[in-house]
Amino acid sequence: MTRLENIYQEKVAPALQKEFGYKSPMQLPKIKCVSLNMGLGEAGNNNKLLEDAVAEMTAIAGQRAVTTRAKKSIANFKLREGMPIGCRVTLRGDRMWDFLDKLMNFALPRVRDFRGVPDRGFDGRGNFTMGIKEHTIFPELNIDRVDQVKGMNVTIVTTAPTDKEGKVLLDLLGMPFKK
């Protein structure tokens, strides 16, 4: 059992049950998965950029990243159907808990002028999405070997039915939201 999962079991679950008055432990909001996505506009023209992005995301997540391809052709973007446009990875289980622990305790505090994560990234169903402008904040990457700084999206999928319950869950786990 990972450190953050242990915190969830011992501290967060009883606090959620007390605050929202759940009768059954099965009603407690849980984190289902964490999805990482990196979109690369120039990846169709530059194959090395795509390979570097997949290698870097694999190092960050600890799981092999998959390339994503365009579903439709869009002439204005010089995009053809089937061209590679980015990479993604979905984390579950222990890798998910390890990544969340690393994100909240190591990576986010390394952001320049960090004042907290804005809480407007909830989707109405308790899931939270945030954008990271520089992927170099993760400790696994050697900054000297990174050719181009890339951004990425992190989506935390929960079983919480409302945004309020999802925010309380992430807040109790240690997500540094803005005050």
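In what follows, the accompanying structure is described. Residue positions are counted from 1 within each chain, in the order its sequence is given. Only residues with pLDDT of at least 70 are given local features in this predicted model, and only at 80 or more are side-chain atom pairs given and counted; all residues enter the totals for whole chains, interfaces and linings. The basis for every side-chain value is the complete set of non-hydrogen atoms in the structure, without hydrogens or water.

## Quick word on the pattern of salt bridges
Condition: Note on definitions: salt bridges are taken to be side-chain nitrogens of Lys or Arg within 4 Å of carboxyl oxygens of Asp or Glu. Each helix corresponds to a stretch of at least 4 residues labelled H or I by DSSP, and each strand to a stretch of at least 2 residues labelled E; elements are numbered beginning at the N terminus. Type-normalised accessible area, obtained with a 1.4 Å probe on protein chains alone, sets the label of each residue: buried when under 20%, exposed when over 50%, and partly exposed for intermediate values.
Throughout the structure, instances matching the rule amount to 6 salt bridges. A salt bridge links Arg3 to Asp101; its shortest N-O distance comes to 2.7 Å. Taken together, the residues Arg3 in helix α1 (residues 3–20) and Asp101 in helix α3 (residues 93–107) connect sequence positions 98 residues apart. Relative accessible area serves as the criterion here: at 13%, Asp101 is assigned to the buried category. In this structure, Lys48 engages Asp52 in a salt bridge whose closest nitrogen and oxygen atoms are separated by 2.9 Å. Of the two residues, Lys48 and Asp52 are both situated in helix α2 (residues 47–61); the distance of 4 residues between them amounts to about one turn of the helix. Take Lys48: its relative accessible area is 47%, and that puts it in the partly exposed class. Each of the salt bridges in this network shares a partner with another, and the network as a whole consists of Lys48, Asp52 and Asp147.

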